[in-house]
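Residues per chain are reported as follows:
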Amino acid sequence: MRLLRPRKWLLSACFATVSLSVLSSNLYADGIGNLPNLGDAGSSELSVQDEKKLGDLIMRDYRTFGQINDDSEITGFLNRFGAKIVTAAGASPSDFEFFLVTDKTINAFALPGGHIGVNSGLIASAHTESELASVLAHEVGHVTQRHIARMYSQQKQTSLVSAAAIIAGILLASSNPDAAQGVIAAGAGYSVNQQLSFSRDSEREADRVGFATLEAAGFNPQGMVDFFGRLQKSARLYENNAPAYLQTHPLTAERIADIRNRAGLVPEKKDYNDDPLEFELVRVKAIVVADKSPQDLNDQLRIFQEPMIQENIKNPVVLAYGRSLVLSKLGKTQQALTEVTKAIDLYDQGRSVVKVQVMPAMLQAERLRLRLKLYDTGRPDLVPNRADSTLNPQEKKLLADLEDFRETYKGNMSVKLLYARGLQSLGLHEKAEQFLRDLTAAYRSNGDLFELAAKSAQALGKQADQHYFLAQSYAARGAYLPAIEQTQIAKRFATNDYYLLAEIDAKQREYKQKADEQREMMKSMKQ
């Protein structure tokens, strides 16, 4: 981890820590609420509102540093998947956000305000959905139990910055022990042993809550035993290079024994809440997104030629999909198209004739994405606006396939985004802008939608709308200062549109208030 200015490195270091909550303890499900509770300490020290503001501020910086991967398919899967777990924990999915971090290390972490980060390496290393669910349920347990809020409450005279310094030191120890010692020293007045001990208590409690949540969500509790058992084995084999998850989530023999005992008491079921094919597609994509160099990609292409027995990736549909992803990333579009078509053909051959099955959206999406790549200039805002009637037969077929795709997977946000990008690639900006305008009214926190809408507005010469959409894109990501700047530019182009000007004015006032709140939060961290 690179050392940054004090505020930034403290925020960055918080990313791998145990969590604050956006929820109170009375939201637990019946079965979970009966578990032993360490108490509600910390509520008076850090309010739910302050937790949310702090979490949003951290997320803004994290995005600024380019740590978040906005892949809509994996992110969409994580949030749909996470919603099952959060609901089973008796909480509201709207109070949580799951996001992807491009990092091959095995780790997951929770932030203030219900933001939960998942490394691509964790997804790749989980052999089943139940294994991934076990880790996310554990992180949700940290959130609902408000573990960082309790940590702050233990030292009432210590500032937020000092507490964050201790957390930062614990986290940094995994990658830079020397830096960790310096950061820990910055947290004068704290007892490191006390904090580590508290962390062990938090881990045990998160295990208990997470296990009950896992079972309530319909996943196989054995997944927690299997995954944590493999991590423990890795720690023994690679003592000086243990998985990152173990360095921020101490895994003791006592914890493993407790998890095994709990799993042994649960009657085995035949129908667990698993969708193996979609999960395996997500796993393969998580592997590929983390590969950056041509050498890594070519190595991975060779690996995908044969079943990956040790990693439990054996389905020929998934392997062909993986090869397509790698070839696409290497710029070999036609070869990639051949491989994903092979994956779809293999899926169709194995489709049940008894049970109605819908093909995973990721397979269809990859084929459409590759077909669109032949039209993609990389700058949709520069593609001249066209009408449907000007499309050639091949383009009309592609548009029809995009329309069918959107209809088949109506509730899938990654599908909506691909449809909008497809319209833009074909030069259908009026259609794209209207579609995106309707979507942004319903999903105001999705910065990608506003960003795409800005590109179509630019292509249509609507400068006021372009900058207004950009402002809302920045605001959705918590970057209020550039949002204010964009509203100012938008107002210059909206002088003749009274209603639009009034709307932009109202948004600008809202963004200024949010920016002031962020400044106040930053000041409080320095006290």
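Analysis parameters
- Residues numbered from 1 in each chain as written.
- Predicted model: local features only at pLDDT ≥ 70, side-chain atom pairs only at ≥ 80, totals over all residues.
- Heavy atoms only, no water.
- Pairing = 2+ DSSP bridges.
- Helix = DSSP H or I, 4+ residues; strand = E, 2+ residues; numbered from the N terminus.
- Buried < 20%, exposed > 50% of the residue type's maximum accessible area, 1.4 Å probe, protein only.
- Core = buried A, V, L, I, M, F, W, Y, C linked by side-chain atoms within 4.5 Å.
- Contact = heavy atoms within 4.5 Å.
- Expected span 1.5 Å × (residues − 1).
- Salt bridge = Lys/Arg side-chain N within 4 Å of Asp/Glu carboxyl O.
- Phe/Tyr/Trp six-rings, centres within 6.5 Å; stacked < 30°, edge-to-face > 60°.
- Lys NZ or Arg CZ within 6 Å of the ring centre and 35° of its normal.

Quick look at the sheet that holds strand 4 (residues 115-119)
Logical step 1: Judged by pairing direction, the sheet is mixed, and its four strands sit side by side in the order 1-2-4-3 without closing on themselves. Of all strands in the sheet, those with a lone pairing partner are strand 1 (68-69) and strand 3 (108-110), marking the two edges.
Logical step 2: Across five bridges, strand 2 (residues 97-101) lies against strand 4 in parallel orientation. Bridging from a neighbouring strand, Leu 100 pairs with Val 118 of strand 4.

Observations concerning the pairing of strand 2
Logical step 1: Among the five residues of strand 2, four are classified as buried, and the element is accordingly described as predominantly covered.
Logical step 2: Pairing analysis gives two bridges linking strand 1 to strand 2, with the strands arranged antiparallel. Looking at strand 2, one finds that Ile 68 is bridged to Val 101.

Quick look at the nonpolar core
Logical step 1: Of all hydrophobic cores here, the largest spans 98 residues; its most connected members are Tyr 321 and Leu 363.
Logical step 2: At nine residues, helix 14 (residues 276-290) tops the list of elements feeding residues into this core.
Logical step 3: Excluding anything up to four places from it in sequence, Leu 363 contacts Leu 281, Val 317, Tyr 321, Val 340, Ala 343, Ile 344 and Tyr 347.
Logical step 4: Ranked by size, the runner-up nonpolar core spans twelve residues in total, among them Ile 68, Phe 99, Phe 109 and Met 522.

Concerning helix 6 (residues 129-144)
In an α-helix, one full turn covers 3.6 residues, which means residues spaced three or four apart are oriented alike.
Logical step 1: In this model, helix 6 (16 residues) spans 22 Å end to end at C-alpha, consistent with the 22 Å of a helix rising 1.5 Å per residue.
Logical step 2: The buried fraction of helix 6 amounts to 16 of the 16 residues, a majority that puts the element mostly inside the structure.
Logical step 3: Arg 146 occupies a position one or two residues after helix 6 and carries a positive phi of about 55 degrees.

So, the pattern of salt bridges
Pairing is possible between side chains of opposite charge, provided their charged atoms come close.
Logical step 1: The final tally for this structure, using the stated rule, is 29 salt bridges.
Logical step 2: The salt bridge involving Arg 369 is made with Glu 73; its shortest N-O contact spans 3.1 Å. Here Glu 73 lies in helix 4 (residues 72-88) and Arg 369 lies in helix 18 (residues 361-373), a separation of 296 residues in the sequence.
Logical step 3: Under the relative-accessibility criterion, Arg 369 is labelled partly exposed at 30%.

Concerning the packing of aromatic side chains
Logical step 1: Counted according to the given criterion, the structure contains ten aromatic pairs.
Logical step 2: Summarising the aromatic geometry, the rings of Tyr 480 and Tyr 511 are spaced 6.1 Å apart at their centres and angled 40 degrees between planes, so their arrangement reads as tilted. Within this pair, whereas Tyr 480 is found in helix 24 (residues 480-493), its partner Tyr 511 is found in helix 25 (residues 498-526), the two being separated by 31 residues in sequence.
Logical step 3: Ring geometry for Tyr 498 and Tyr 499: centres 5.6 Å apart, planes at 75 degrees, overall edge-to-face.
Logical step 4: The exposure class of Tyr 498 is exposed, given its relative accessible area of 62%.
Logical step 5: When its relative accessible area of 70% is taken as the criterion, Tyr 499 is described as exposed.
Logical step 6: Members of the aromatic cluster, each reached through a chain of ring pairs, are Phe 77, Phe 81, Phe 219 and Phe 279.
Logical step 7: If you follow Arg 406 out to its NZ or CZ, it ends over the ring of Tyr 419, 4.6 Å from the centre.

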